[in-house]
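# Observations on chain architecture
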Amino acid sequence: MEGVKAKQMLQWHPAFYAGIQIEFAEEADDLIFENEHQLGTKPKEIDVLIIKKNKDKRIRKNIGRIFRKYNIVEYKSPNDYLSIDDYYKVCGYACFYKSDVSRVNVIKFDEITITFVCKSYPYKLMEKLQKERFFNVYKQENGIYYIVGEMFPVQLILTSELSEADNFWLHNLTNDLKEKSTVDDLVEEYQKHRNDRLYQAVMNIIVRANEERFEEEKNMCEALRELFKDELEAGMKIAREEGLRQGREAGMAEGFQEGRQRGMEQGIEQGIEQGIEQGIEQGIEQGIQQGIRQVIQGAIEACKSLGATKEDIKNLLLERFSINEQETAKYMELYW
């Protein structure tokens, strides 16, 4: 039950925002991406707004061929569905976006498109649009449907039907990976881009949403942990540097204060100098320890999300951080 609740709490939208940028990577210089674009002063947000820098330049990517200048994208996570109310809500957002400007008609009516992205075909919605509004719905290619008849050009993207060759990351942004070969391919592709924050965001949610599937493939978990090793070491370096910085600042402040107090007894100049020196040493040590604790917490949480067992993580901590069994048990109790 806890596992089901955890999956329901997964943050799919940040992963989708990263994934759709990956899809348009070859044309990223021609586009502006805005995540959760807020409409007006009240809490109304467009999931993703994609703006073409040059409105006359055609987008070659299959999911963007419909694009004009301003392109509104609504995303539904794998467990969610696209309803008739969702449809009209986004149409309303499009109208509001067109009118919420400083000058009249700055955004032209024919410069807007709407894209709906979900996992499965919304039969009830499509039936209503076809029977009640007499819209035409036709399949442009695998996973891409055009809805004809609305005031704006509208397309429906089904991630489960998208071509894996053309839309690898959006196609696999799901919670039901089935094939071992897919897991293999994901790890292989991620290795090519593991330092890219967009790929990290997508891969993280895929692994967390399919923990059991990745855990079944022990070799894949090992490969993912091997990938994580570099990130862990980089995190250690950053933590140490941050610890030194924070330590110096805290040490200077503490040392100055302590030095003033000692100066009353030993002479102000000598006392301040000695106090600062001791304060810096104490502050650096405290800062490093705090940084290490943060990295260990991140390591435990990340390895857990990759399907690692308690024993795996325990061995990793012992090896990477040179801490004893008692300290390892303490960290596991705090952060597992």
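The structure under discussion appears in the preceding block.
Heads up: these notes are all about the structure in this document. Since we're looking at a predicted model, the values are computed, not measured.

Cut-offs applied
Residues numbered from 1 in each chain as written. Predicted model: local features only at pLDDT ≥ 70, side-chain atom pairs only at ≥ 80, totals over all residues. Heavy atoms only, no water. Helix = DSSP H or I, 4+ residues; strand = E, 2+ residues; numbered from the N terminus. Contact = heavy atoms within 4.5 Å. Buried < 20%, exposed > 50% of the residue type's maximum accessible area, 1.4 Å probe, protein only. Salt bridge = Lys/Arg side-chain N within 4 Å of Asp/Glu carboxyl O. Pairing = 2+ DSSP bridges. Axes fitted to C-alpha atoms, helices over the stretch in contact; angles between N-to-C directions. Phe/Tyr/Trp six-rings, centres within 6.5 Å; stacked < 30°, edge-to-face > 60°. Nonpolar A, V, L, I, M, F, W, Y, C, P; charged D, E, K, R; others polar. Parallel < 35°, antiparallel > 145°, perpendicular 65-115°, else oblique. Left-handed = near helix turned anticlockwise from the far one by under 90°. Arc of directions from axis to C-beta. Core = buried A, V, L, I, M, F, W, Y, C linked by side-chain atoms within 4.5 Å.

If you tally the helices and strands in the chain, you get 12 helices and seven strands. Sequence separation of 24 or more characterises 63% of the internal contacts of the chain that already satisfy a separation of 6 or more.

Our next topic: the side chain of Asn 172. Examined against the element boundaries, Asn 172 turns out to sit in the loop between α5 (168-171) and α6 (180-192). Accessibility expressed as a relative area gives 3% for Asn 172, which makes it buried.

A positive phi is found at Asn 105, a non-glycine position, where the angle reads about 60 degrees. As for its placement among the helices and strands, Asn 105 is situated in the loop between α3 (84-99) and β4 (112-118). You can call Asn 105 partly exposed: its relative accessible area is 36%. Phi is positive for Phe 134, which is not a glycine, with a value near 60 degrees.

A full pass over the atoms with the stated rule returns 16 salt bridges. The partner of Asp 30 in a salt bridge is Lys 57, with the nearest N and O atoms 2.9 Å apart. With a gap of 27 residues between them, Asp 30 in the loop between α2 (12-23) and β1 (31-38) and Lys 57 in the loop between β2 (45-52) and β3 (70-75) connect regions that are remote in the sequence. When its relative accessible area of 34% is taken as the criterion, Lys 57 is described as partly exposed. A single network of salt bridges, built from pairs that share partners, joins Glu 74, Lys 76, Asp 80, Asp 86 and Lys 89.

All right, on to the sheet that holds β3 then. The strand order across the open sheet built from seven strands is β1-β2-β3-β4-β7-β6-β5, with neighbouring strands paired in mixed fashion. Two strands bound the open sheet, and with one partner strand each, they are β1 and β5 (136-141). Sheet twist, expressed as the average angle between the axes of neighbouring strands with direction ignored, equals 25 degrees.

With that settled, consider the packing of aromatic side chains. For the structure shown, the criterion picks out 12 aromatic pairs. Taking 4.1 Å as the distance between ring centres and 5 degrees as the angle between the ring planes, the aromatic pair formed by Phe 16 and Tyr 75 counts as stacked. Here Tyr 75 lies in strand β3 and Phe 16 lies in helix α2, a separation of 59 residues in the sequence. Since its relative accessible area comes to 3%, Tyr 75 is described here as buried. Summarising the aromatic geometry, the rings of Tyr 87 and Tyr 88 are spaced 5.4 Å apart at their centres and angled 85 degrees between planes, so their arrangement reads as edge-to-face.

Before going further, it helps to examine the packing of α3 against helix α4 (residues 123-132). At their nearest, the axes of α3 and α4 sit 8 Å apart, and the two run at 65 degrees to each other. From α3, Ile 84, Tyr 87 and Tyr 88 reach across to α4, where they touch Leu 125, Lys 128 and Leu 129. A breakdown of the residues in the contact of α3 with α4 according to their chemical character gives five nonpolar, no polar and one charged.

Further remarks concern the packing of α2 against helix α7 (residues 197-209). Axis separation between α2 and α7 bottoms out at 8 Å; the angle between their running directions is 130 degrees. When the axes of α2 and α7 are compared, the pair comes out oblique. Of the two elements, α2 crosses α7, and the hand of that crossing is left-handed. Of α7, the residues touching α2 (which contributes Trp 12, Ala 15, Ala 18, Gly 19, Gln 21 and Ile 22) are Leu 198, Tyr 199, Ala 201, Val 202, Ile 205 and Ala 209. Its residues assigned to classes, the contact of α2 with α7 comprises 10 nonpolar, two polar and no charged.

Right, let's get into helix α12 (residues 325-335). Regarding α12, the residues found buried are Thr 328, Tyr 331, Met 332 and Tyr 335. The buried residues of α12 occupy one face: seen down the axis, they fall within an arc of 100 degrees. What points out from α12, more than 90 degrees from its buried face, is the exposed set Gln 326, Glu 333 and Leu 334.

Moving on, we come to the nonpolar core. Residues Phe 16, Phe 24, Ile 50, Trp 169, Leu 173 and Ile 206 are the most contacted members of the largest nonpolar core, which totals 42 residues. Of all the secondary-structure elements, those providing two or more residues to this core are α2, β1, β2, β3, β6 (144-148), α5, α6 and α7. With eight residues, α7 is the single largest residue contributor to this core.

Before going further, it helps to spend a moment on the pairing of β2. With seven of eight residues buried, β2 is to be regarded as a mostly interior element. In this structure, β1 lies alongside β2, joined through seven bridges in antiparallel fashion. The partner of Asn 35 across the bridge, within β2, is Val 48. Where β2 and β3 come together, four bridges link them in antiparallel fashion. By the bridge assignment for β3, Val 48 is matched with Val 73.

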